[in-house]
Amino acid sequence: QQPVQSPQAVILREGEDAVINCSSSKALYSVHWYRQKHGEAPVFLMILLKGGEQKGHEKISASFNEKKQQSSLYLTASQLSYSGTYFCGTESYPGGSNYKLTFGKGTLLTVNP
Amino acid sequence: GAGVSQSPRYKVAKRGQDVALRCDPISGHVSLFWYQQALGQGPEFLTYFQNEAQLDKSGLPSDRFFAERPEGSVSTLKIQRTQQEDSAVYLCASSLGIAADTQYFGPGTRLTVL
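Caption draft 1: Just the sheet that holds strand 8 (residues 70–75) of chain A, in detail. Residue and element names in this part refer to chain A. Read across the open sheet, the 4 strands follow the order 1-3-8-7; overall the sheet is antiparallel. Edge positions in the sheet fall to strand 1 (4–6) and strand 7 (61–65), since each has one partner strand and no second. Adjacent strand axes in the sheet meet at a mean angle of 15 degrees when their direction is disregarded. In this structure, strand 3 (residues 18–23) lies alongside strand 8, joined through 6 bridges in antiparallel fashion. Counted as the bridge partner of Ile20 is Leu73 from strand 8.

Caption draft 2: Local environment of the nonpolar core. Within the largest apolar cluster, 21 residues are counted, with the highest numbers of intra-cluster contacts made by Trp33, Leu45, Leu73, Leu75, Tyr86 and Leu109 of chain A. Those elements giving two or more residues to this core turn out to be strand 2 (9–13), strand 3, strand 4 (27–36), strand 5 (43–49), strand 7, strand 8, strand 9 (84–93) and strand 11 (107–112) of chain A. Setting aside residues up to four positions removed in sequence, Leu109 of chain A forms contacts with Val10, Leu12, Ala18, Leu75, Tyr82, Ser83, Gly84 and Tyr86 of chain A. Residues Leu21, Phe49, Leu60 and Cys92 of chain B belong to the second largest nonpolar core, which totals 20 residues.

Caption draft 3: Here's a closer look at the confidence of the model for chain A. With 88% of its residues at a pLDDT of at least 70, chain A reaches an overall mean of 88. Mean pLDDT per element in chain A: strand 6 (residues 54–56) of chain A is the minimum at 65, and strand 11 of chain A is the maximum at 97.

Caption draft 4: Focus on the state of the cysteines. All names here are of chain A. This structure, assessed with the given rule, holds 2 disulfides over all chains. Across a sulfur-sulfur distance of 2.1 Å, Cys22 and Cys88 are joined as a disulfide pair. Disulfide Cys22-Cys88: the torsion about the S-S bond is 75 degrees, which places it as right-handed. One end of the pair, Cys22, is in strand 3; the other, Cys88, is in strand 9, and 66 residues separate them in sequence. You'll find Cys22 and Cys88 in the same group, each marked buried.

Caption draft 5: Representation of the pattern of salt bridges in the model. Residues and elements named next belong to chain B. All chains considered together, the criterion is met by 4 salt bridges over all chains. The closest approach of N and O atoms between Glu68 and Lys78, which form a salt bridge, is 3.4 Å. Taken as a pair, Glu68 in strand 7 (residues 65–68) and Lys78 in strand 8 (residues 75–79) lie far apart in primary sequence, 10 residues in all.

Caption draft 6: Region of the structure containing the packing of aromatic side chains. Evaluated as defined, the whole model comprises 11 aromatic pairs over all chains. Both rings, one in Tyr34 of chain A and one in Phe44 of chain A, keep their centres 6.1 Å apart while their planes meet at 70 degrees; by these two values the pair is edge-to-face. Of this pair, Tyr34 of chain A sits in strand 4 while Phe44 of chain A is found in strand 5, placing the two residues 10 residues apart along the sequence. Phe44 of chain A sits in the buried class, given a relative accessible area of 8%. Aromatic pair Phe103 of chain A and Phe105 of chain B: ring centres 6.2 Å apart, planes at 70 degrees, arrangement edge-to-face. Taken together, the residues Phe103 of chain A in strand 10 (residues 102–103) and Phe105 of chain B in strand 10 (residues 104–105) connect one chain to another. Comparing Phe103 of chain A with Phe105 of chain B shows no difference in burial state: the two are buried. In textbook terms, an aromatic cluster arises when at least three aromatic residues are bridged by ring pairs, as seen for Tyr34, Phe44, Phe87 and Phe103 of chain A together with Phe33, Tyr35, Phe45, Tyr48 and Phe105 of chain B.

Caption draft 7: Just the interface of chain A and chain B, in detail. In this assembly, 20 residues from chain A lie in contact with 22 residues from chain B. When chain A packs against chain B, close to 1700 Å² is buried across both sides, 54% of that on carbon and sulfur atoms. Ranking the residues of chain A by area buried against chain B places Tyr99, Lys100 and Phe103 of chain A at the top, with a combined share of 31%. The tally of links between chain A and chain B comes to 1 salt bridge. Note that Asp56 of chain B is salt-bridged to Lys100 of chain A, the shortest N-O span being 3.1 Å.

Thresholds, definitions, all that
Residues numbered from 1 in each chain as written. Chains lettered and ligands numbered in written order. Predicted model: local features only at pLDDT ≥ 70, side-chain atom pairs only at ≥ 80, totals over all residues. Heavy atoms only, no water. Pairing = 2+ DSSP bridges. Helix = DSSP H or I, 4+ residues; strand = E, 2+ residues; numbered from the N terminus. Axes fitted to C-alpha atoms, helices over the stretch in contact; angles between N-to-C directions. Core = buried A, V, L, I, M, F, W, Y, C linked by side-chain atoms within 4.5 Å. Buried < 20%, exposed > 50% of the residue type's maximum accessible area, 1.4 Å probe, protein only. Contact = heavy atoms within 4.5 Å. pLDDT = per-residue confidence, 0-100. Disulfide = S-S within 2.5 Å. Salt bridge = Lys/Arg side-chain N within 4 Å of Asp/Glu carboxyl O. Phe/Tyr/Trp six-rings, centres within 6.5 Å; stacked < 30°, edge-to-face > 60°. Buried area = accessible area lost by both parts, 1.4 Å probe.

Encoded structure:
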């Protein structure tokens, strides 16, 4: 089942903060976050794993609440380059797998000067 | 190093034509995924390969869709007798491992069926 992302869209001024949420009706193995700019490939931001392990390579933070089956992505001091559509992808159980991602519909983030 | 590449980047087909979309994953990556992305939506899983084995094809929308990865590297997604509803961006992704690993996406092939 598709995770639900909120908000659907957000507009910021450069330097402001934003939080993007992702929630699932199923228990989750992991949550993957990606950013996609128009016409480009989704770019990996972060993986959060059941049990608390977190893997990422950019200065972006995130949380994963296993009990609530929710994840949040925190963007602080936003830059113009943060603009794009943010997707969460989830691996869930029961009935899921440890490789297949189900993506939300995305959150469109626009950062203005 | 080189990322995931896909070709062609754009494909226009007349309804009923067959198309073949190619994916070159990152060298050495065991896992390869195909996704379909409709306008304004997130990617939707189509199929998964571990090396040359197609372990999951549960997302393929109909028997007109085939995918192969015969030597465990390059993969081809083939769509026979294309329909207008097949119009979408087809994304390929690869990952080094087989579980909960980072998936690296290619730029996609935008297929338009007239």
